[in-house]
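Here is how the chains run, residue by residue.
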Amino acid sequence: MGSHIPALLLEKTGDLNMKYKAKQLWIVIDTICGGYYIYKDEKVIEKAKQAAKQVQEYCDFFLHGNHFGMNEEEYRDLCSYVIHVLKDFVEALEQEDTVLMLDTLDYGLRELVNLYHEKDEAAV
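Please read all numbers here as calculations on a predicted model, not as lab measurements.

Colleague: Just checking my understanding: could you explain the overall build of the chain for this structure?
Modeller: Scanning the chain from N- to C-terminus turns up 4 helices and 0 strands. The secondary structure elements of the chain, listed N-terminal to C-terminal, are α-α-α-α. Here the analysis covers contacts within the chain between residues at least 6 apart in sequence; of these, 75% occur between residues at least 24 apart. Per element, the accessible surface of the chain, about 7,200 Å² overall, is 51% carbon and sulfur.

In structure tokens, the structure reads:
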């Protein structure tokens, strides 16, 4: 877990819906980033556009309530991080910046997805 997200977030709420969404986003991230790095699939921006609603819905959860019982400062830090990830995602789409999108997905969004994605699950 990166240092951007407070350690308290490691205690998951058990929300099955978020676990499902995290698993789906994990697959999207692996498909886009893995496709680019392994198979040289350069349709990163196109595929990210298709996943935009999914990304927004997942991130929206974190911005609408302190579901983890964090103190106010930690929750503000989490919200700032989520907003930063969303801004980078939108900027990468607008500028059609493949490198920024890969970075945003693999190192920004994946950190949020890891909060609910089971580490021992392999992407299918």
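Colleague: What is the right way to read the pattern of salt bridges from this model?
Modeller: Side chains carrying opposite charge are able to pair once their charged atoms draw close together. Tallied over the entire structure, the rule returns 5 salt bridges. In this structure, the salt-bridge partner of E72 is R76, at a minimum N-O distance of 3.1 Å. Taken as a pair, E72 and R76 lie in helix 3 (residues 72-95) at a separation of 4 residues, close to a single helical turn. Ionic pairing is found between R110 and D106, a salt bridge with its closest N-O pair at 2.8 Å. Residue R110 and its partner D106 are both found in helix 4 (residues 98-113); the two are separated by 4 residues, about one turn of the helix. You'll find R110 and D106 in the same group, each marked buried. Via salt bridges that share partners, D30, D106 and R110 belong to a single interconnected network.

Colleague: For this particular structure, what's the right way to read unusual backbone geometry?
Modeller: Trans peptide bonds make up the majority, and among non-glycine residues the majority have a negative phi. Not every positive phi belongs to a glycine, and K40 is a case in point at roughly 60 degrees. Here E96, not a glycine, exhibits a phi torsion of approximately 50 degrees, which is positive. Structurally, the position occupied by E96 is in the loop between helix 3 and helix 4. For E96, a relative accessible area of 54% translates into the label exposed.

Colleague: Please explain the nonpolar core as it appears in this structure.
Modeller: Across soluble globular proteins, nonpolar side chains have a tendency to be buried as a group. In terms of nonpolar packing, the biggest core is built from 37 residues, with Y58, F62, M101, L109, L112 and Y116 touching the most fellow members. Only helix 1 (16-39), helix 2 (44-63), helix 3 and helix 4 provide two or more residues apiece to this core.

Colleague: Is there a simple way to explain the packing of aromatic side chains in this structure?
Modeller: What characterises a pair of aromatic rings is the spacing of the ring centres plus the angle enclosed by the ring planes. Per the counting criterion, the structure on display carries 7 aromatic pairs. Note on Y36 and Y37: the rings are 5.4 Å apart at their centroids and 75 degrees apart in plane angle, and the pair reads as edge-to-face. Given the relative accessible area of 26%, Y36 is considered partly exposed. Ring geometry for F61 versus Y116: centroids 6.0 Å apart, planes at 80 degrees, classification edge-to-face. Of this pair, F61 sits in helix 2 while Y116 is found in the segment after helix 4, placing the two residues 55 residues apart along the sequence. Take F61 and Y116: they sit in the same class, and that class is buried. A cation over a ring is seen here: R110 above W26, with NZ or CZ 4.5 Å from the ring centre.

What counts, and where the lines are drawn
Residues numbered from 1 in each chain as written. Predicted model: local features only at pLDDT ≥ 70, side-chain atom pairs only at ≥ 80, totals over all residues. Heavy atoms only, no water. Helix = DSSP H or I, 4+ residues; strand = E, 2+ residues; numbered from the N terminus. Contact = heavy atoms within 4.5 Å. Areas by Shrake-Rupley, 256 points an atom, 1.4 Å probe, with all protein chains shown as cover. Salt bridge = Lys/Arg side-chain N within 4 Å of Asp/Glu carboxyl O. Buried < 20%, exposed > 50% of the residue type's maximum accessible area, 1.4 Å probe, protein only. Core = buried A, V, L, I, M, F, W, Y, C linked by side-chain atoms within 4.5 Å. Phe/Tyr/Trp six-rings, centres within 6.5 Å; stacked < 30°, edge-to-face > 60°. Lys NZ or Arg CZ within 6 Å of the ring centre and 35° of its normal.

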